[in-house]
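Structure assessment
For reference, the chains in residue letters:
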Amino acid sequence: METVSENKCFGGVQGVYSHASSVCACDMTFGLFLPEEAQDGPVPLLWYLSGLTCTHENAMVKAGAQSWAAEHGIALVFPDTSPRGDHVADDDAYDLGKGAGFYVNATQDPWAPNYRMWDYIADELPGLIMNNFAVDHERQSISGHSMGGHGALTLAMGLEGRFRSVSAFAPIAHPTSADWGRKQLSAYLGADEGTWSRHDATLMMREKGFDGPILIDTGASDQFIELLKPEALAQAMAARRQQGIHRLQPGYDHSYFFVSTFMEDHIAFHADALYA
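Heads up: these notes are all about the structure in this document. (Residues numbered from 1 in each chain as written. Predicted model: local features only at pLDDT ≥ 70, side-chain atom pairs only at ≥ 80, totals over all residues. Heavy atoms only, no water.)

**Some details on the overall build of the chain**
When you go through the chain residue by residue, the secondary structure sums to nine helices and nine strands. Scaling as 2.2 N^0.38, a compact globule of 276 residues should have a C-alpha radius of gyration of about 19 Å, and the chain matches this with 17 Å. Structurally, the chain occupies a C-alpha span of about 50 × 45 × 35 Å along its principal axes. Burial status across the chain gives 59% buried among its 276 residues. Within the chain, counting contacts between residues at least 6 apart in sequence, those at least 24 apart form 72% of the total. Carbon together with sulfur atoms contributes 47% to the accessible area of the chain, which is approximately 11000 Å² in total. Side chains of the chain carry 17 positive and 35 negative charges; the gap between the two charge centres is 6 Å. (Helix = DSSP H or I, 4+ residues; strand = E, 2+ residues; numbered from the N terminus. Rg over C-alpha atoms; globule rule 2.2 N^0.38 Å. Buried < 20%, exposed > 50% of the residue type's maximum accessible area, 1.4 Å probe, protein only. Contact = heavy atoms within 4.5 Å. Areas by Shrake-Rupley, 256 points an atom, 1.4 Å probe, with all protein chains shown as cover. Lys, Arg positive; Asp, Glu negative; His and termini not counted. Charge placed at Lys NZ, Arg CZ, Asp CG, Glu CD.)

In structure tokens, the structure reads:
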């Protein structure tokens, strides 16, 4: 692992690190904010998964998360959204290929050799962070925006017992029934839709739910709301009587102005679970 940069930030350190990923067969980069309390011992960890076209940097510089994480003594990790490198398969469209890994393990060519973002987020990157930084592997929560909200919800329900809480900003909530989902799942996983269900938060909520609290915010004026399908996930949560809060925020769109507005709420929500 190499240190790309480290900057003092709200009493802690905002770092950027790169490493050779055996899972993705390329070099990967991630951001990690450690609050001041990490100097004295392991601190809780909140994962933040970003959306389409993003790298590790977007949320790290735009979401305003570090100030609230420092207030609660929580570390933040900002992974990349896909494998990177000249040898990595890509597509001319913004919503497939680099920057659009969708947090799945691809089984189809040309994506299969590198696009293994589920294993990267679930196994490889946690191991690297736990072995090198003062974070508590027993106190983890997860959040994300758009495609990253999709990833946060499916990872939280798919990795039972890993995360104490999950939240999402404008998640792609029912990808098997939307153009943001069917296109990518068919490309990465193939035509058998039976392999898609574990990557659809609405279907997973219907099947198993999440053993913990959920917070979801979506802008009522989100320009992509027809692709996100928040109503499908809300209905699935209600039918399961899932512990959770699902909010439509009047006037807000899909941007980081929306994310940063409600970031304080989300980090306080996770702090309650992480310190319970």
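**Side note on the packing of helix α3 (residues 117–132) against helix α4 (residues 147–158)**
In a pair of packed helices, the angle between the axes and the distance between the axes together describe the arrangement. One can describe the packing of α3 onto α4 by two numbers: an axis separation of 12 Å at closest approach and a directional angle of 60°. Judged on the interaxial angle alone, α4 and α3 are oblique. Both α3 and α4 take part in a crossing whose hand is right-handed. Here α3 contributes W118, I121 and A122 to the contact with α4, which in turn contributes T154, L155 and G158. (Axes fitted to C-alpha atoms, helices over the stretch in contact; angles between N-to-C directions. Parallel < 35°, antiparallel > 145°, perpendicular 65-115°, else oblique. Left-handed = near helix turned anticlockwise from the far one by under 90°.)

**Examining unusual backbone geometry**
Leaving glycine out, the prevailing phi sign among residues is negative, and the prevailing peptide bond configuration is trans. In this structure, the amide linkage connecting D109 to the following residue, P110, adopts the cis form with an omega of 5°. Phi at F102 takes a positive value of approximately 60°, unusual for a residue other than glycine. Mapped onto the elements, F102 comes out in the loop between β5 (75–78) and α3.

**Structural notes on the environment of E71**
Position of E71 among the secondary structure elements: in helix α2 (residues 65–72). Sequence spacing of E71 and F262 is 191 residues, and the spatial spacing of their C-alpha atoms is 15 Å.

**Structural notes on helix α8 (residues 230–240)**
Taken residue by residue, α8 has P230, A232, L233, A236 and M237 as its buried positions. Seen end-on, α8 carries its buried residues on one side only, within an arc spanning 165°. What points out from α8, more than 90 degrees from its buried face, is the exposed set Q235, A238 and A239. In this structure, the buried side of α8 is in contact with α4, α6 (201–207), β8 (214–219), α7 (225–228) and β9 (244–249). In the stretch just after α8, R241 is the one whose phi turns positive, near 55°. (Arc of directions from axis to C-beta.)

**A short note on the environment of G244**
For G244, the position within the fold is in strand β9. A relative accessible area of 39% places G244 in the partly exposed class. In this structure the C-alpha to C-alpha distance between G244 and K183, which are 61 residues apart in sequence, comes to 29 Å. For G244, the residues in contact, after removing those within four places along its chain, are I214 and M237.

**Points about the pattern of salt bridges**
Tallying each qualifying case throughout the model produces eight salt bridges. Between R139 and D136 there is a salt bridge, and its shortest N-O distance comes to 2.9 Å. Taken individually, R139 and D136 each receive the classification buried, so the pair is uniform in this respect. One salt bridge connects D217 with R247, and the closest N-O pair in it is separated by 2.7 Å. Remark: R247 occurs in strand β9 and D217 occurs in strand β8; sequence separation between them is 30 residues. Classification of D217 as buried rests on a relative accessible area of 0%. Through salt bridges with shared partners, a single network forms among D217, R247 and D265. (Salt bridge = Lys/Arg side-chain N within 4 Å of Asp/Glu carboxyl O.)

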